[in-house]
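Structural characterization, general
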Amino acid sequence: MRMKRQQRGFTLIEMLVYIAVFVLISSALVVTFLSFNTTFVRNQTERALTQEARVALDTVIAAVKHADTVDGAQSLLNVSPGILELESGATTTRFYISSGALVYAINGTEIGPLTSNAIVVESVVFQRYVGTTTDMIRMALTLHAESKVASSTRTFYTSAIMRGTYE
Amino acid sequence: MNKFSNLKKRGVTAVEVLVGASIAGVILVMASYAISQFINASSALSEKTQAVYLAEDGIELLRYIRDNDWANIGNLTAGTTYYLAPTATGVHVSGTPESIGSFNRSFVVEQVRRDNSSDDIVPSGAGGSSVDTDTRFITVTIAWGNPAQSISLTSLLANQNP
C-alpha cells in the first residue's frame, strides 16, 4: 500500500506539471488564434481602404482627363469637403460629398456613390492649376476605415490635366 | 496492480509532454512570426498604393510644368535630383526636398539621344546619334518607411512647340 501511495504522489506532481504545460499551451493557442483574427480584420480594413481609394481616384481622374473645363461657380475648390464640377461638351460631371461618401452626378442626376458605407471620406480637396496652355485638377482624398479591432486613415493624392485644354 | 502500472507508464509520458510542448512552442513562435508578416504585408500594400498615386501625381505635375514652358524642363541639369513644390494654385521645380506625409518625392531628368538618320531613341553612347534638346527622360521616385522602401515611375517628356 505504501508503495502504491508513493507512486500516486509522484503522478500527482506529474499531473500538476502536465496541467501547467497544458494551460500554457492552450492559452498560447488562444492568444495566437485571437491575433490571427485581429490580423485578418486589419488586413480586410486595409484592403477595403485601398480598394475604395482606387475606385474613387480613378473615376475622378478619368472624368478630369475627359473634361474641357471646370465650372468655377459650381465648384468648391481648396476646401474640404470640396465640390468639383467638370464640363465636357454638353455634359457636366459633378463630384461631391454626401453623408460620408464621395458621390457623382451627371447632368444634375445623381449616379451614385463611389465609396461604400464601409469607409468614411474624412476629407476631399480639389485644387485647380491654371497654366499658360493647360488646366489641371489635383485631388487629395482622405479615407477612414474602422472595425472593432482595427482602424486606418490614409490620404491619397492624384492629379490630371484636363485633356480638353490641349489645343 | 494494472491500474498502477498504467500510472507508472504515464509518468514516462511527462517527458513526451515536454517534448510535445516544445514542438508546440516552436510552431506557435513560427505562427506569430507569420502573423506579424501578414500585418506588415497589409499596411505595405496600402503604403505602396499611396506611393504609386504620388508618383503618378508627380509625372502629371511635370507634364503640366512642361506645358507651361518647355524651358522649365529642358533647362534642368541632367542627373541632378530635383523636387516638386506644389501650392494651392500651381507648381514649380525646386531644390528643397518635398515630403508628403511620410513619403518623400524627388525626380531626375536625363537627356535623350536620337539616331541621326532614323530619329529613333537610342542608348547613350550609340554611334551616329545626338542629344535631342526637345525630349527628356524623367524618373519620379517616392521613398518612405523604415526599413526604407521606394518606387520609381518613368516617362518621356517632349517639347510640344519645338
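Below you will find a few notes about this structure. Keep in mind that this is a model prediction, so the values were computed, not measured. (Residues numbered from 1 in each chain as written. Chains lettered and ligands numbered in written order. Predicted model: local features only at pLDDT ≥ 70, side-chain atom pairs only at ≥ 80, totals over all residues.)

**Side note on the overall build of chain A**
So the rule is basically this: A helix here means a DSSP run of H or I that spans at least four residues, while a strand means a run of E at least two residues long, and both kinds are numbered starting from the N terminus. Within these notes, the globule rule equals 2.2 Å times the number of residues to the 0.38 power, and the radius of gyration is based on C-alpha atoms. The burial label depends on the number of other C-beta atoms within 10 Å of a residue's C-beta. Counts of 20 or more mean buried, 12 or fewer mean exposed, and intermediate counts mean partly exposed, with C-beta atoms placed from the backbone. We call two residues in contact when their backbone-placed C-beta atoms lie within 7 Å.
Each helix and strand in chain A was counted, giving one helix and eight strands. The linear arrangement of helices and strands in chain A, starting from the amino end, is α-β-β-β-β-β-β-β-β. Since a compact globule built from 167 residues should have a radius of gyration of about 15 Å, the 29 Å found for chain A marks it as more spread out than a globular shape. For chain A, the spread of C-alpha atoms along the three principal axes comes to 105 × 30 × 20 Å. Looking at chain A as a whole, 29% of its 167 residues are labelled buried. In chain A, once contacts between residues fewer than 6 apart in sequence are set aside, the share between residues at least 24 apart is 50%.

**A short note on the overall build of chain B**
Along its length, chain B carries two helices and seven strands. Computed over its C-alpha atoms, the radius of gyration of chain B comes to 30 Å, more than 25% above the 15 Å expected for a compact globule of 162 residues. With the C-alpha coordinates aligned to their principal axes, the bounding extent of chain B is approximately 105 × 45 × 20 Å. Each of the 162 residues in chain B was classed as buried or not, and the buried ones make up 20%. At a minimum sequence separation of 6, the contacts of chain B that also span at least 24 residues come to 52%.

**Some details on the sheet that holds strand E4 (residues 101-106) of chain A**
Residues and elements named next belong to chain A. Stated precisely, the cut-off is as follows: The rule for pairing is simple: two strands pair if DSSP sees at least two bridges between them.
Within the open sheet, the five strands sit side by side as E1-E2-E3-E4-E5. Their pairing is antiparallel. If you trace the sheet from one side to the other, it starts and ends with strand E1 (69-70) and strand E5 (109-113), each paired once. Bridging between strand E3 (residues 91-98) and E4 involves six bridges; their strand directions are antiparallel. When the sheet's bridge partners are listed, Ser 98 is paired in E4 with Ala 101.

**A short note on the interface of chain B and chain A**
Rules: Note on residue classes: Ala, Val, Leu, Ile, Met, Phe, Trp, Tyr, Cys and Pro are nonpolar, Asp, Glu, Lys and Arg are charged, and everything else, Gly too, is polar.
Residue-level contacts link 39 residues of chain B with 40 residues of chain A. Ranked by residue count, the leading element in the side of chain B that touches chain A is helix H1 (residues 2-68) of chain B, at 31 residues. The residue makeup of the side of chain B that touches chain A, split by class, is 20 nonpolar, eleven polar and eight charged.

**Let's talk about the pairing of strand E4 (residues 103-115) of chain B**
All names here are of chain B. The pairing of strand E1 (residues 81-86) with E4 spans two bridges and is classified as antiparallel. Paired with Thr 81 across the bridge in E4 is Val 108. Examined bridge by bridge, strand E3 (residues 98-100) and E4 share three bridges and lie antiparallel to one another. Residue pairing in the sheet places Glu 98 in a bridge with Arg 105 of E4. Examined bridge by bridge, E4 and strand E6 (residues 129-144) share 13 bridges and lie antiparallel to one another.

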